Amino acid sequence: MLKTIVVALDVSELAEQVIQTLQDLGLIDQGRIILCHVFQIPDVGGETPADIPHTGSAEISYLQAEKLLQFFQKQLINTKLELVMGDPSEEIICQYSPS
């Protein structure tokens, strides 16, 4: 049995398909599901506060991502939302790897 399923999402149509696939495969009852979105920190040569979402992102805003993940959360059970900043691959692997 799976204890935790980490689902990294963006705001594309593929995100909706991923949620549907979780439901179709019956994975929503397998354990805790973490829906996450990682905002990549822009390389501007200066320091960017890690705890404040970067509002100048060309991709999507923090509020857009949060609303989308909340929408998906309503369709699932035992779900946690994570919106973090950093390098997507590092954040997903480091934050969610078993210790």
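Below: a short report on this structure.

Conventions used here
Residues numbered from 1 in each chain as written. Predicted model: local features only at pLDDT ≥ 70, side-chain atom pairs only at ≥ 80, totals over all residues. Heavy atoms only, no water. Helix = DSSP H or I, 4+ residues; strand = E, 2+ residues; numbered from the N terminus. Buried < 20%, exposed > 50% of the residue type's maximum accessible area, 1.4 Å probe, protein only. Contact = heavy atoms within 4.5 Å. Areas by Shrake-Rupley, 256 points an atom, 1.4 Å probe, with all protein chains shown as cover. Salt bridge = Lys/Arg side-chain N within 4 Å of Asp/Glu carboxyl O.

### Comments concerning the overall build of the protein chain
- Counting secondary structure elements, the protein chain contains 3 helices and 3 strands.
- The linear arrangement of helices and strands in the protein chain, starting from the amino end, is β-α-β-α-β-α.
- Within the protein chain, the proportion of its 99 residues that are buried is 28%.
- Pairs at least 24 residues apart make up 73% of the contacts formed inside the protein chain by residues separated by at least 6 positions.
- Element-wise, carbon and sulfur atoms account for 52% of the exposed surface of the protein chain, whose accessible area totals about 6800 Å².

### Brief notes about the environment of Ile-77
- If you trace the backbone, Ile-77 turns up in the loop between α2 (62-75) and β3 (79-85).
- As a C-alpha pair, Ile-77 and Ile-33 span 44 residues in sequence and 7.9 Å in three-dimensional space.
- With residues up to four places along the chain from it excluded, the contact list for Ile-77 reads Ile-28 and Asp-29.

### Some remarks on the pattern of salt bridges
- The tally for this structure, following the rule as stated, stands at 1 salt bridge.
- One salt bridge connects Glu-82 with Lys-80, and the closest N-O pair in it is separated by 3.0 Å.

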